[in-house]
Amino acid sequence: MKTAVVGGGAAGFFLAVNLKEAMPEMAVTIFERSHHVLAKVAVSGGGRCNCTNTFAEVGDLSAVYPRGHRLMKRLMKTFDHRDAYRWFECHGVPLVTQEDQCVFPAAQDSKAVVDCFLSLARRYQIEIRLGENVSDLSMLTDYDFVAVTTGGSPSDEGLAWLGSLGHEIVKPVPSLFSLQMGSEGLRELMGIVVGDASVHIPGTKFRAEGPLLITHWGVSGPAVLKLTSYAARHLAECGYRGAISVNWVGCDEACVQSVLTQTAACQPQKLLTTFCPFNLSLRLWNHLLAEALGSRCQIRWAEMGRKDMNRLTNTLVNATYPVTGRAPFKDEFVTCGGVSLKSVDPSTLESRHVPRLYFAGEVLDIDGITGGFNFQAAWTTAYVVHQAIKNAADAINRDGVRY
């Protein structure tokens, strides 16, 4: 029997390798439209490849999978993050867990993962065909099973051939991206990292917390990436324009007021500009003081009036800035959208429209926030598909029954 894997990315290789390990007699061919495989894996995680996450701090999968969390909860009963951890270690890729629960190769190099897959592909004689753009199932009539693992598509056109087969296609839009800001004063603070920020889109329920990085184009970092994941469709509908509110200190108004009052009592003769009671860089603190108080930012703590305190509090917990677009270069690694989950069997990820056609990875309408969750979705869905193909092939071999 023969299986075609359409897509030479993480999910495609994971599926192909597991299929060959389970069924050595199965001929498996990977079709990759570009002239390179695993390119996304190589550059992920800053070149370190955030393989998965411990999920130790995840109470609800909807917090890490804005789309597809119900299906992921079901599928992870078959293959979860613990299984993924064991799989890589058993295949020669030792892993380490960071304090933030992200899991990386111990080598701190994505090459460890890429080399693992390529080595296993050679060992199991998995054929890899580069520069092969599969855009019609008629190109794969020689294969008993087809698994589509093409990853996210930047536009509807890339998924049109799947839509023509009857699958519902959820319009793909970017997710996990930085924001371009209209505040020149903020951009001048490029390079500053705020370790405990909270960001939200005014007038919506979209909110995220975590480290925030100020860049020369706007804001980035885990807090912003999570926010743009949660609000991917909303931001696309708004043309990536609007506003973002930032809580720079990660606590509420009452807490900020208490800290400011205590500082005024304990440090009355110090200038506001020389003493910051929060975990902020002095450059950022002075910028926020100027935003809140204007020329009065040069006063001493003892001179702060109630209006000054209220204005500074509001700036620290609810500073609002104009958003003018996504980052000025294509830095997003994930798209939301793809083949609708309504179009696949939730137990096997087989197409409801075309027998022996399966889907795994980001081509499905499943995507996660930053932190290793998207790779875990790739491993989980690919493993489920490998298992489904194996079971179907076993049934054919045993009973001679075909679809």
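Heads up: the structure comes first, above all this text.
Now for a description of the structure that goes with this document. (Residues numbered from 1 in each chain as written. Predicted model: local features only at pLDDT ≥ 70, side-chain atom pairs only at ≥ 80, totals over all residues. Heavy atoms only, no water.)

Further remarks concern the packing of helix α1 (residues 10–22) against helix α13 (residues 373–399). One way to put it is that α1 packs onto α13 with a least axis distance of 8 Å and a crossing angle of 35°. Two packed elements cross with a definite hand, and for α1 against α13 that hand is right-handed. Where α1 abuts α13, its residues A10, A11, F14, L15, N18, L19 and A22 lie against F375, A378, W379, A382, Y383, V385, H386, I389 and K390. Broken down by class, the residue content of the contact of α1 with α13 amounts to 13 nonpolar, 2 polar and 1 charged. (Axes fitted to C-alpha atoms, helices over the stretch in contact; angles between N-to-C directions. Helix = DSSP H or I, 4+ residues; strand = E, 2+ residues; numbered from the N terminus. Left-handed = near helix turned anticlockwise from the far one by under 90°. Contact = heavy atoms within 4.5 Å. Nonpolar A, V, L, I, M, F, W, Y, C, P; charged D, E, K, R; others polar.)

Considering all chains together, one arrives at 19 aromatic pairs under this definition. Ring centres of F88 and W379 lie 5.1 Å apart, and the angle between their planes is 65°; on these two criteria the pair is classed as edge-to-face. Pair noted here: F88 is in helix α4 (residues 81–90) and W379 is in helix α13, with a separation of 291 residues, a long-range link. What makes F88 buried here is its relative accessible area of 1%. By way of ring pairs, the aromatic residues F13, F14, F79, W87, F88, F117, F375, W379 and Y383 are connected into one cluster. Over the aromatic face of F104 sits the side chain of R48, whose NZ or CZ is 3.9 Å from the ring centroid. (Phe/Tyr/Trp six-rings, centres within 6.5 Å; stacked < 30°, edge-to-face > 60°. Buried < 20%, exposed > 50% of the residue type's maximum accessible area, 1.4 Å probe, protein only. Lys NZ or Arg CZ within 6 Å of the ring centre and 35° of its normal.)

Another aspect to go through is the side chain of T335. The topology assignment puts T335 in strand β15 (residues 334–339). Here T335 is in contact with G152, S153, V173, P174, S175, E362 and D367, once residues within four sequence places are set aside.

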